[in-house]
Amino acid sequence: MPIPSARWIRVIAGGAALALAAGCSLLDSSDDASDPGNSPVAPVASVGPPTGAPPSTAQPRPRGTVTIAFGGDVHFTERTEARLSAGAETALGPVHETLAQADFAMVNLESAITERGTAEEKLYHFRTPASSLDRLAESGVDVVSMANNHAVDYGPVGLQDSIDAARTSALPIVGIGPDTASAFRPWTAEANGVKVAFLAASQVQDLTNAKYAAGPSKPGIASALTATRLVKAVKDAKAEADVVVVYMHWGTEGQKCPSAEQKSLAKKLADAGATAVVGTHAHVMQGAGMLGDTYVGYGFGNFLWYGTSPYPDSNDTGVTTLTITHGNVVGEEFTPAFVDERGVPVPQTGGEGERITERRDGLRPCAGLTAPPA
């Protein structure tokens, strides 16, 4: 499957997509049996831009510098279902250009990847066909988190379908797997001489985390209701990679300030060596900035959004792009966007862009963060 960006990326190892390629199943998975870490590391592969990819507008950077772009929650249902066959326009619309210009881009897919299964006993249910992964890749996305409270909306059958999709997709998925080892295993890749490890986990206390948290021989999502396993995963990733990114699902819906639980976990992950800790779930933007040497973006808000949100300012969104040099965050660029009537995040300039950016920056004090490098 083509991944249309102007990047040249060397894939190293890891991630659910590669981990699941080992042939794990819900019936015979275990930490040892399904962990590719017990096998030789896969050969390094080169991945280049496909035919027809847009030309790069990025300026050459010194070796040792990498850029990573983040968007928020993505759905392909109700008003956004049509984006699965968007035709000439990519699924994420014009904002895909900002994602594609970065070395890596990451979003949260807040859906089960299935067309089967039985809906769980909860108010909202989301699912999407595996083709949604193709559409995200075509929009410049390089890695997807599925550690969220809607990843298993359609029960064990839907969970198996999601794991099968992760096994066969060229777009890496993190935060879900046939067992704990797979769910917490990072996707690790290299750009411009920098190894980057991407992890994901959910701190949301809900049915999914209670019923479908991955275990030693149990499929599910990476749970962060207790921090121990995630902290270990960050430390292990830091021992192998120059940069470690943790994409969280956390916080309280509608709340613009992070919870005490978010702040506590962010500090633990920063102490463990995370370069950036970012997340979604609140459906509104939350504060972003520096926690010591670690960049923390508590909430990116809605991105490709299926319907009308009851929370004020929930259509304000954007892409956050970090510049990281020799493992240190040296710059942050925010591209403001607004979720339009189609559910598409449309980049904003002029007065509207300034409004969204100023409101976002105004959320930093209650997050207890300092301004990131310009």
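As a reminder, the structure under discussion sits directly above these lines.
Residues numbered from 1 in each chain as written. Predicted model: local features only at pLDDT ≥ 70, side-chain atom pairs only at ≥ 80, totals over all residues. Heavy atoms only, no water.

Q: Describe the overall build of the protein, naming the residues involved and giving the relevant values.
A: Helices and strands together make up the secondary structure of the protein, namely 11 helices and 20 strands. Taken across its 374 residues, the protein has 59% of its residues classed as buried. Long-range pairs, those at least 24 residues apart, make up 75% of the contacts in the protein between residues at least 6 apart in sequence. (Helix = DSSP H or I, 4+ residues; strand = E, 2+ residues; numbered from the N terminus. Buried < 20%, exposed > 50% of the residue type's maximum accessible area, 1.4 Å probe, protein only. Contact = heavy atoms within 4.5 Å.)

Q: With reference to specific residues and values, describe the nonpolar core.
A: Of all hydrophobic cores here, the largest spans 34 residues; its most connected members are Leu109 and Leu136. Going through the elements one at a time, strand 3 (65-74), strand 4 (104-109), helix 4 (131-138), helix 5 (155-168) and strand 17 (302-304) are the ones with two or more residues in this core. Of all the elements, helix 5 adds the most residues to this core, at four residues. In contact with Leu109, other than residues within four places in its own chain, are Val74, Phe76, Thr128, Ser132, Leu133, Leu136, Val144, Ser145, Met146 and Asn148. Residues Ala227, Val231, Leu269 and Tyr298 belong to the second largest nonpolar core, which totals 29 residues. (Core = buried A, V, L, I, M, F, W, Y, C linked by side-chain atoms within 4.5 Å.)

Q: I'd like a rundown of the pattern of salt bridges, residues and numbers included.
A: Using the criterion set out here, one finds 18 salt bridges in the structure. A salt bridge links Arg83 to Glu89, with the nearest nitrogen and oxygen atoms 2.8 Å apart. You can call Arg83 buried: its relative accessible area is 9%. Taking relative accessible area as the criterion, Glu89 reaches 31% and is therefore assigned partly exposed. (Salt bridge = Lys/Arg side-chain N within 4 Å of Asp/Glu carboxyl O.)

Q: Explain the environment of Ser259 to me, and be specific about the residues and the numbers.
A: In this structure, Ser259 sits in the loop between strand 13 (243-249) and helix 9 (260-272). By relative accessible area, which is 17% here, Ser259 ends up buried. In this structure, the C-alpha to C-alpha distance between Ser259 and Cys366, residues 107 residues apart in sequence, is 9.9 Å.

Q: Describe the packing of aromatic side chains, naming the residues involved and giving the relevant values.
A: Under the defined criterion, the tally for this structure stands at eight aromatic pairs. The interplanar angle of 85° and the centroid separation of 6.0 Å between the aromatic rings of Phe104 and Trp187 together place this pair among those described as edge-to-face. Of this pair, Phe104 sits in strand 4 while Trp187 is found in strand 10 (residues 187-191), placing the two residues 83 residues apart along the sequence. With a centroid separation of 5.4 Å and an interplanar angle of 35°, the aromatic rings of Trp250 and Tyr298 are classed as tilted. (Phe/Tyr/Trp six-rings, centres within 6.5 Å; stacked < 30°, edge-to-face > 60°.)

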